[in-house]
Amino acid sequence: TARKWNARFGEGFFPEPQPLLTPTRRIVGLDGQAKMSKSLGNTVGLLESDDEIWAKLRPAMTDPQRVRKSDPGRPEVCNIFQLHKAFSDADTQAHVVQQCTTAGWGCMDCKKVLHGNMVAELTPIRRRAELLDAEPERVAQAIADGGQQARVVAQETMREVRDRMGMATIRAPLTPPVGA
């Protein structure tokens, strides 16, 4: 690990990985049963159309104790509210909580707001994917350029690692021999 290597060969050479936690570390799937998983079929794909997203959100599980629109909801147990945390700003989230807990909205109203925010967030991703699909040679070139840049950085890093470990005379090529 980075910590062990740094302790032995020099502090701060390899940065220690740190978790990047968000309010939506674990999102329950649209079925309300298990975490979102493609294999369970309870997800929303990044490249799905607006209509496909709505077709999945419309029947999605919400607060199981909220039977009628006039029943107050519990956003803390509602899967749709967890998705709001990922796709809606703080003001919208506060409004959703207020509307849900006072039965000002029904679950379908809440889902419509979520749908709008998901579409706003995912549309630029879909547009970019369409552009990249239209230019496969550009994607291949970006991958090749990135690979070359990574090789340069990796070679320098390995040189520094060998120096710190007292193995400066050992040189192993990072690129395969031509024709291999």
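Residues numbered from 1 in each chain as written. Predicted model: local features only at pLDDT ≥ 70, side-chain atom pairs only at ≥ 80, totals over all residues. Heavy atoms only, no water.

**Brief notes about helix 3 (residues 79-87)**
Thought 1: Looking only at helix 3, the buried set comprises Asn-79, Ile-80, Phe-81, Gln-82, Leu-83 and His-84.
Thought 2: Elements that come into contact with the buried residues of helix 3 comprise helix 2 (50-57), helix 4 (90-101) and helix 5 (107-134). (Buried < 20%, exposed > 50% of the residue type's maximum accessible area, 1.4 Å probe, protein only. Helix = DSSP H or I, 4+ residues; strand = E, 2+ residues; numbered from the N terminus. Contact = heavy atoms within 4.5 Å.)

**Focus: the packing of aromatic side chains**
In this description, a pair of aromatic rings is defined by centroid distance and the angle of the planes.
Thought 1: In total, this model carries 4 aromatic pairs according to the counting rule given.
Thought 2: With 5.0 Å between their ring centres and 40° between their planes, Trp-5 and Phe-9 make a pair best called tilted. Taken together, the residues Trp-5 and Phe-9, both in helix 1 (residues 2-9) and 4 residues apart, mark about one turn of the helix.
Thought 3: Aromatic pair Trp-5 and Phe-13: ring centres 5.2 Å apart, planes at 35°, arrangement tilted. (Phe/Tyr/Trp six-rings, centres within 6.5 Å; stacked < 30°, edge-to-face > 60°.)

**Focus: the side chain of Glu-48**
Thought 1: Turning to its location among the elements, Glu-48 is positioned in the loop between helix 1 and helix 2.
Thought 2: Judged by its relative accessible area of 15%, Glu-48 falls in the buried class.
Thought 3: Looking at Glu-48, its side chain comes within polar contact range of the side chain of Lys-56, at 2.6 Å.
Thought 4: Discounting chain neighbours no more than four positions away, the residues touching Glu-48 are Ile-53, Lys-56 and Arg-126. (Polar contact = N/O pair within 3.5 Å; in protein donor to acceptor, adjacent residues only side chain to side chain.)

**What to know about the nonpolar core**
The nonpolar side chains of a soluble globular protein tend to be buried, and buried together.
Thought 1: Counting 16 residues, the largest nonpolar core has Leu-30, Ile-53, Leu-57, Ile-80, Leu-83, Leu-114 and Met-118 as the members making the most contacts within it.
Thought 2: Setting aside its immediate chain neighbours within four residues, Leu-83 contacts Ile-27, Leu-30, Met-36, Leu-57 and Leu-114. (Core = buried A, V, L, I, M, F, W, Y, C linked by side-chain atoms within 4.5 Å.)

**Observations regarding helix 6 (residues 136-165)**
Thought 1: The first and last C-alpha atoms of helix 6 sit 42 Å apart over 30 residues, in line with the 44 Å expected at 1.5 Å per residue.
Thought 2: Just downstream of helix 6, Gly-166 is the residue with a positive phi angle, here 75°. (Expected span 1.5 Å × (residues − 1).)

**Some thoughts on the environment of Leu-21**
Thought 1: Relative to the helices and strands, Leu-21 resides in the loop between helix 1 and helix 2.
Thought 2: Leu-21 sits in the exposed class, given a relative accessible area of 61%.

**Details of the side chain of Gln-82**
Thought 1: Structurally, Gln-82 can be placed in helix 3.
Thought 2: In this structure, Gln-82 is in contact with Thr-24, Pro-75 and Glu-76, ignoring residues within four places of it in sequence.

**Here we look at the packing of helix 3 against helix 5**
Thought 1: Their axes nearest at 10 Å, the elements helix 3 and helix 5 cross at an angle of 30°. With respect to helix 5, the element helix 3 is oriented roughly parallel. In this structure, helix 3 crosses over helix 5, and the sense of that crossing is left-handed. Seen from helix 3, the contacting residues are Ile-80, Leu-83, His-84 and Phe-87; seen from helix 5, they are Cys-110, Lys-111, Val-113, Leu-114, Asn-117, Met-118, Glu-121 and Leu-122.
Thought 2: Per-class residue counts for the contact of helix 3 with helix 5 are 8 nonpolar, 2 polar and 2 charged. (Axes fitted to C-alpha atoms, helices over the stretch in contact; angles between N-to-C directions. Parallel < 35°, antiparallel > 145°, perpendicular 65-115°, else oblique. Left-handed = near helix turned anticlockwise from the far one by under 90°. Nonpolar A, V, L, I, M, F, W, Y, C, P; charged D, E, K, R; others polar.)

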